[in-house]
Amino acid sequence: MELKEYQQKALSQVKRYLEALGRWRTKNEQVVKVAGAEASLDVPLKAWEEVVGAGYRSRKNGLGEYVANFCLKIPTGGGKTLLAVKAIDLINSIYRKKQTGLVLWVVPTTQIYRQTIQHLRNREHPYRQHLDIASGDRTLVLEKLDRFTPIDLAQNLVVMMLMLPSASRQNKETLKVFKDSGGFGAFFPSDDDIEGHKKLLDQFSNLDAFDDRRGFFGRQVKTSLGNTLRLLSPVIILDEGHKAYSETAQGTLRGFNPSIIVELSATPTPASNILVDIRGMELAREEMVKLDLHIINKVSVDWKDTMLSSVERRNVLEEKTKEYRANTGEYIRPICLVQVERTGKDQRGGRYIHAEDVREYLIKVCGIPEEQVAVKTSEKDDIEGIDLLARDCPIRYIITKQALQEGWDCAFAYVLTILTNPASKNNLTQLVGRILRQPFARKTKSKELDESYVFCFQQRGAGLLASVKAGFEQEGLGDLAGRVIADETLEGEVSGEGERVVEIRDEFRKFVGKIYLPVFVIQEDSQWRQVSYEMDIISRIDWTNADFSSLYELPLSPLEEKDIEVAIGLSEDEKEVIRQKGVVRLKEGGLAIDMVFVARHLVDIIPNPWVAHEIGTRVMERLLAKSNAQVAANNLVFIIEETRKHAEKEKDRLAQQVFSQLIHDKRLRFLLLKEDQGYRLPSRIRVRRTGKTLTRSDGLSLQRSLFEFVPDDELNSTETAVAWYLEEQGRLLWWYRNLSRQDYAIQGWRKHRIYPDFIFSEVDPKDWTEYDKVFVVETKGLHLKNEDTEYKQDVFELCNRLAEAKSWLELGLQFPEKKVVFQVVFEHEWQRKINTLFAP
């Protein structure tokens, strides 16, 4: 493997430092010989000042001796493992003056461990070949449970892989590394060699021993792997070194009495001694990374549209790789990484996008063969032990949440699809570094194959660019060095152990079981039950009344114009880090016109697959009649998206007709249902133990809320203002913060239920301990005044009309003279509206 120019410069710097170390070590030996050990010099510091200058942080090993330690700052895709094996060769030849000995290769994660040991054990891999050159073809690659002898070390370069958690000494007596073992006895005196044990402990004061000073055998050194490592003064290669700067980790590593520590990191901590600092531009000039990075921000609200565009882009790339292979003989199989929000067995459903949702969509809707889709999570690992670069590997899609966040290396990854909620706290760019590495570390000369692609949906433009910039920096592609810690806490996640139960206030306890709210119900035989959207509304839609004629004139263009795509590249100005290179739009499609494929993308809206096929075929035939087939194929994603959007609108229109007809026929009513059939306000709620409760505007405790605890983080600024205002109303008896997806909901003619923000009551003028009217209120910011808000207003007006002038007795419960009122209020008018509601 030919070294890049920046790699050669990096190794030249390492060589200069090692040579300076050697010279200062010789000087120090002379000083100690003349003036004694107390006059010993800080050799690593002196060498650093000679080669680099100021700024070195001295460290000592477990014996109190100064140990050379330096960092190679290498961005993602820069070949850090290759530089590490070349550095081992330089250390042995220049500093240690031998080809044999022990190298302790320490990594932080299982993923990096497996990947590194696989490469080092493969004699055909360049990493192993460079090690064999350094050792004279005598290399042993071991794991911590493998045994080795003094002869092995005398004759071979022994590289031992070790996980950082395994080396941690937080509970050393329980860890195998530090347990007494019979496998390393050859490195230690025999049990009855009392003097030998004493001399060894005098020489290596930090060895673990059985402490029996008064016994016949005195202190006996433990024959553990940890002690063996301390005797051998290993070279330590510390991968992802920024993860090993806790006091425990640093103490453990230096406690192995290393001769030298080489740290590898894209984002070193300020405490690192950076000997080599490779910048992103150097990688770009050497064709190591896929740049430009294209960010396509889908405007659709449906994640499936984003996923479909990713499928199309990956298909385009695969066609390009076929041309490339025909011309060069080199094989590339583009892979799409998909980041989802949920992966656990019991977390499917709700508002979060689950790995299985995406897997089913790819297989059942997009027609991707099952063997081409893999899931990589903490629970399921479909890519374990698989060589993703192999020609016979079928995998083209890998779905993950965070399992590939660091250390995963596959140059065939080209597309990153981010399917996270725009409001999620997840870092948008946790996986950006995984798609940057260029196959074969050189450009293909095919523009599409020399670049990378990120697809996401509904993200804010400025925030998206800022996130991508942060992603570049955390991969070492900027000039900001430092430890990056991802916040893995997701909004709304609370374990059962982190909850507590809050009871209703004592003064409102008499209302327990008596505060009911009406719901839409449908008659089934002689009984009434809550309406079901799928069973009662959608099943009654007559799709022959749907009108898709507006799609027949859909304008098709060779260019995709409606989605925002930004090209991001590295800037020549290191302070700027990245630059936006302007808007670029995709010019060719990767999907063939297939009516079944089109129908698959409609069946989640149009339940009958035959009807979906007929509608999709009708639209495509009309478009093909007036357009070139290739242009239509290039616009297939656009056509499907527009057809889906129109189908959604038609479904809502026809569903409203069904809903109205059921009401007209008196089969659908707005009633109160008793017991478990209807809805009543809760008598207790569960809240986070660590959650913060809302207080009044003056900082005092709430007085009128149904419960003393109201989760502060469940309210936005408008909702908080409304809650404060309610607390001040003299005619208010109690108020309740209705929780989305948990509490009272109204099922209208659209799929998603309406969860109002507040439920509150007005006092009864005849008895101020009782309530009269109940108000159900939805608050909206002006920026949210859209079609969905208009729908909620229409539903609330219908609720008021159906409940108008009816007592609760007529609605189904025996609480006469109580009324319920529904209202949508906007942030510019909520105070006036609430005053109106409370007006006498």
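Here the structure is a predicted model, which means the values were calculated and not measured.

### Comments concerning the overall build of the chain
And then number 1: When helices and strands are tallied, the chain shows 23 helices and 28 strands.
And then number 2: Burial analysis of the chain (840 residues in total) assigns 54% to the buried set.
And then number 3: Roughly 38,200 Å² of accessible area belongs to the chain as shown, and the carbon and sulfur atoms make up 47% of that amount.

### Points about the nonpolar core
And then number 1: The biggest cluster of nonpolar side chains holds 183 residues, and the ones touching the most others in it are Trp-105, Met-307, Val-358, Phe-520, Trp-734 and Tyr-744.
And then number 2: Ranked by the residues each element gives to this core, the list is headed by helix H19 (residues 636-664), at 12 residues.
And then number 3: Core analysis: the next-biggest nonpolar cluster, separate from the first, contains 30 residues, Leu-142, Leu-153, Leu-201 and Ala-209 among them.

### Digging into the packing of aromatic side chains
And then number 1: For the structure on display, the rule yields 21 aromatic pairs.
And then number 2: Seen from their ring centres, Phe-511 and Tyr-771 are 5.1 Å apart, and the 75° between their planes marks the pair as edge-to-face. One end of the pair, Phe-511, is in the loop between strand S16 (499-503) and strand S17 (516-517); the other, Tyr-771, is in strand S27 (residues 767-780), and 260 residues separate them in sequence.
And then number 3: Accessibility expressed as a relative area gives 4% for Phe-511, which makes it buried.

### Focus: helix H5 (residues 126-135)
And then number 1: When you tally the buried positions in H5, you get 7 out of 10 residues, the bulk of the element.
And then number 2: Of all the positions in H5, only Tyr-127, Arg-128, His-130, Leu-131, Asp-132, Ala-134 and Ser-135 are classed as buried.
And then number 3: On its buried side, H5 packs onto helix H3 (80-96), helix H4 (110-121), strand S3 (139-142) and strand S4 (157-163).
And then number 4: Taken from the residues just after H5, Gly-136 is the one with a positive phi, measuring 70°.

### Remarks on the sheet that holds strand S18 (residues 519-524)
And then number 1: An order of S19-S18-S22 is seen for the 3 strands of this open sheet, with the pairing classed as antiparallel. Of all strands in the sheet, those with a lone pairing partner are strand S19 (527-530) and strand S22 (668-671), marking the two edges. For this sheet, the mean angle separating the axes of adjacent strands, direction not counted, is 45°.
And then number 2: Two elements, S18 and S19, share 4 bridges in a ladder whose sense is antiparallel. Paired with Val-521 across the two strands is Gln-530, which belongs to S19.
And then number 3: Across the sheet, helix H21 (residues 787-803) lies against S18 and S22, angled at about 65° from S18, the strand it touches most.

### Digging into the sheet that holds strand S26 (residues 758-764)
The strands that make up a sheet pair up through hydrogen bonds in the backbone, lying either parallel or antiparallel.
And then number 1: Taken in spatial order, the 4 strands line up as S25-S26-S27-S28 in an open sheet, and their pairing is mixed. A strand with exactly one partner marks an edge of an open sheet, and here the two such strands are strand S25 (732-737) and strand S28 (820-826). When strand polarity is set aside, the average angle formed by the axes of neighbouring strands in this sheet is 25°.
And then number 2: Sheet topology places S26 next to S27; 6 bridges connect them, and they run antiparallel. Bridged to Phe-758 within S27 is Val-777.

### Some thoughts on the packing of helix H12 (residues 303-328) against helix H13 (residues 355-365)
Axis angle and axis distance: for two packed helices, these are the angle between their axes and the distance between the axes, and together they describe the pair.
And then number 1: Their axes nearest at 11 Å, the elements H12 and H13 cross at an angle of 55°. Viewed along their axes, H12 and H13 adopt a mutual orientation that is oblique. Crossing hand, H12 versus H13: right-handed. Contact residues: Trp-303, Lys-304, Met-307, Leu-308 and Val-311 in H12; Asp-357, Val-358, Tyr-361 and Leu-362 in H13.

### What to know about the pattern of salt bridges
And then number 1: Tallied over the entire structure, the rule returns 43 salt bridges.
And then number 2: Salt-bridge contacts for Glu-319 lead to Lys-322; the nearest nitrogen and oxygen are separated by 3.3 Å. Here Lys-322 and Glu-319 lie together in helix H12, a separation of 3 residues that amounts to about one turn.
And then number 3: Taking relative accessible area as the criterion, Lys-322 reaches 40% and is therefore assigned partly exposed.
And then number 4: Glu-503 is paired through a salt bridge with Arg-684; the nearest N and O atoms lie 3.2 Å apart. Here the residue Glu-503 occupies a position in strand S16, and Arg-684 occupies one in strand S24 (residues 684-688), the gap between them amounting to 181 residues.

So, how was this worked out
Residues numbered from 1 in each chain as written. Predicted model: local features only at pLDDT ≥ 70, side-chain atom pairs only at ≥ 80, totals over all residues. Heavy atoms only, no water. Helix = DSSP H or I, 4+ residues; strand = E, 2+ residues; numbered from the N terminus. Buried < 20%, exposed > 50% of the residue type's maximum accessible area, 1.4 Å probe, protein only. Areas by Shrake-Rupley, 256 points an atom, 1.4 Å probe, with all protein chains shown as cover. Core = buried A, V, L, I, M, F, W, Y, C linked by side-chain atoms within 4.5 Å. Phe/Tyr/Trp six-rings, centres within 6.5 Å; stacked < 30°, edge-to-face > 60°. Contact = heavy atoms within 4.5 Å. Pairing = 2+ DSSP bridges. Axes fitted to C-alpha atoms, helices over the stretch in contact; angles between N-to-C directions. Parallel < 35°, antiparallel > 145°, perpendicular 65-115°, else oblique. Left-handed = near helix turned anticlockwise from the far one by under 90°. Salt bridge = Lys/Arg side-chain N within 4 Å of Asp/Glu carboxyl O.

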